[in-house]
Amino acid sequence: MRGWMGKFRSLLLFGALTLILTGCGIENVSALKPKGYGSELLFDLMMISIAIMIFVFVIVMAIYAFVLFRFREKKGQEDVIPKQTEGNKALEVIWTVIPIILLLVLAIPTVQATFDLADQSSQDDEGTLTIDVTGNQYWWQFTYADQEISTSQELYIPTNERVYLNMKSSDVIHSFWVPAISGKMDTNPGENTNTMYLEAYEEGVYEGFCAELCGPSHSLMYFKVIAVSPDQYDQWVEDMKNVDPEAEPETASAQEGQELFNNNCMSCHAIGGGSAGVGPNLANFGNRSKIAGILEPTKENLKDWIVHPDEIKPGNQMPAELVTEEEADKIADYLLELQHSDVGQDVPVIEASE
Ligand code: CUA
């Protein structure tokens, strides 16, 4: 009975593990399906380490099994003690030299990749795109200083181009991570600016995360990198430059919403333009695939977020119940009308939870 239960349990454990592991390697989300230069380098390093580990494991286990069977007590020879050997020069040399070789095999590409990822030699080249990234509790700001564009939560980049990011934080330490296309890098408060680059091989919407515990809503600090063709990217820049924050919305409700928004929200937020506010720049908000990085873009969710941001992202800076439900309804109508660019809308979004 016990044996059967034991087998069943290990089968269950094995089955569960298999199911859990099938969750790894989701396109555009996982470091196990690299879609960019940085993530590919890291993936290759990971594969080299795993190959070395498997090699060592197999050899050690083979020797272990051999010794276990070869030298175990045999029937009729219970009192026999095998020949005792102490010290063997050849063996000792072998098990010192092999690990040194293995470490070298691991170290050389690791050091190469480290320098490669830190390379900033092309940052000052003509036409190189540099974007300022600011981590905030709990959202991301992206400023394209040369283009006089500032956005939040969705980072647009052209494919197959090295895009540099100058990164800092407005409050505590955050960490910028887009596993499918890059490694991760901390954003620090103060004068310390970190620089890294992104290079996406394919068009796509890539999931980004904050990878440094930064407060109660750290795990909700998602963002997206939207990689589009260079032509599409130029179109996006053009669209974003033409955003007019004063443009009159279509419906009466949205018009009232605009006025309410200007009176209540504009002291922190901005719509369009290159300057960023204390809060996110909401240009093109109506085309975002998520509200606040986490909610489905429905009007109900948006109203909830406007009135009760503290319940959705605890510890964030947006004041709760600044406007009434009724006012929030109109503001939501206005914000959802802010659709200034449809670039990237046809790129499928793959969620980590799918
Ligand atoms: Cu920001 Cu964790």
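Here the residue index of a chain counts from 1 through its sequence in written order. Per-residue local features of the predicted model are confined to residues with pLDDT of at least 70, and side-chain atom pairs are confined, for both listing and counting, to 80 or more; whole-chain, interface and lining totals are unaffected and use all residues. The basis for the side-chain values is all heavy atoms of the structure; hydrogens and waters are excluded.

Looking at an unreviewed UniProt entry, the protein carries the name Cytochrome c oxidase subunit 2, with the source organism given as Halobacillus kuroshimensis. Per UniProt, the comment on the protein under Catalytic activity (unreviewed entry) is "4 Fe(II)-[cytochrome c] + O2 + 8 H(+)(in) = 4 Fe(III)-[cytochrome c] + 2 H2O + 4 H(+)(out)". What UniProt records for the protein under Sequence similarities (unreviewed entry) is the sentence "Belongs to the cytochrome c oxidase subunit 2 family." UniProt positions are given in the numbering used here, feature names are shortened, and annotations may be inferred rather than shown by experiment.

With that out of the way, let us pick up the sheet that holds strand S5 (residues 163–169). Note on pairing: two strands pair once DSSP finds at least 2 bridges between them. By the criteria applied, helices consist of DSSP H or I runs no shorter than four residues and strands consist of E runs no shorter than two, each listed in order from the N terminus. Taking strand neighbours across the sheet as the criterion, the five strands line up as S3-S2-S1-S5-S8 in an open arrangement whose pairing is mixed. The open sheet terminates on both sides in strands that have one partner only, identified here as strand S3 (149–152) and strand S8 (194–198). Ignoring which end each strand starts from, the neighbouring axes of this sheet average 25° apart. Here a residue-residue contact requires only that any non-hydrogen atoms of the pair lie within 4.5 Å. Axis geometry follows a simple rule: fit a line to the C-alpha atoms, using only the stretch in contact for helices, then measure angles between N-to-C directions, giving values from 0 to 180 degrees. Each of strand S2 (139–144) and S3 touches helix H4 (residues 230–241); the most contacted strand, S3, lies at about 100° to it.

Each residue after the first adds 1.5 Å to the expected span of a helix. In a regular helix each residue adds 1.5 Å, so 34 residues correspond to 50 Å; helix H2 (residues 37–70) covers 50 Å between its end C-alpha atoms and thus fits that length. Relative accessibility under 20% of the residue-type maximum defines a buried residue, over 50% an exposed one, and the middle range a partly exposed one, all with a 1.4 Å probe and only protein chains included. Among all positions of H2, only Gly38, Ser39, Leu41, Phe43, Leu45 and Ile52 are buried. Residues of H2 that are buried sit in contact with helix H3 (89–118).

So, on to the sheet that holds strand S6 (residues 174–177). Overall, mixed pairing links the five strands, which are arranged S4-S10-S9-S6-S7 in an open sheet. Of all strands in the sheet, those with a lone pairing partner are strand S4 (154–158) and strand S7 (184–187), marking the two edges. For this sheet, the mean angle separating the axes of adjacent strands, direction not counted, is 25°. In this sheet, strand S9 (residues 204–210) lies alongside S6 in antiparallel orientation, the contact comprising two bridges. Residue pairing across strands places Trp177 opposite Phe209, the latter belonging to S9.

A word on the confidence of the model for the protein. pLDDT is a residue-level measure of predictor confidence that goes from 0 to 100. Averaged over all residues, the pLDDT of the protein is 90; the fraction at 70 or higher stands at 97%. Looking at the elements of the protein, mean pLDDT is at its lowest for helix H1 (residues 2–21), recorded as 82, and at its highest for S6, recorded as 97.

Our next topic: the pattern of salt bridges. Note on definitions: salt bridges are taken to be side-chain nitrogens of Lys or Arg within 4 Å of carboxyl oxygens of Asp or Glu. On inspection of all chains with the given rule, the structure shows eleven salt bridges. Here Lys35 makes a salt bridge to Glu202, at a shortest N to O gap of 3.7 Å. Note that Lys35 is positioned in the loop between H1 and H2 and Glu202 in the loop between S8 and S9, a separation of 167 residues in sequence. Judged by relative accessible area, which is 9%, Lys35 ranks as buried. A salt bridge links Glu256 to Lys330; the nearest nitrogen and oxygen atoms lie 2.9 Å apart. With Glu256 in helix H5 (residues 252–264) and Lys330 in helix H8 (residues 325–336), the pair connects residues that are 74 residues apart, well separated along the chain.

Moving on, we come to the packing of H5 against H8. Axis separation between H5 and H8 bottoms out at 7 Å; the angle between their running directions is 105°. The orientation of H5 with respect to H8, classified from their angle, is roughly perpendicular. Counting all contacts with H5, which are made through Ser253, Ala254, Glu256, Gly257, Gln258, Leu260 and Phe261, the residues of H8 involved are Glu327, Lys330, Ile331, Asp333, Tyr334 and Leu335. Class assignment for the residues of the contact of H5 with H8 results in six nonpolar, three polar and four charged. Our angle categories are set so that under 35 degrees counts as roughly parallel, over 145 as roughly antiparallel, 65 to 115 as roughly perpendicular, and the remainder as oblique. Only Asp, Glu, Lys and Arg are considered charged, only Ala, Val, Leu, Ile, Met, Phe, Trp, Tyr, Cys and Pro nonpolar, and every remaining residue, Gly among them, polar.

For this analysis, a nonpolar core means a set of buried residues of the types Ala, Val, Leu, Ile, Met, Phe, Trp, Tyr and Cys, connected via side-chain atoms within 4.5 Å. Counting residues in each nonpolar core, the largest one holds 61 residues, and the members touching the most others are Tyr144, Leu155, Leu165, Phe176 and Leu335. For Leu165, the residues in contact, after removing those within four places along its chain, are Ile131, Val133, Leu155, Phe176, Asn194, Thr195, Met196 and Leu198.

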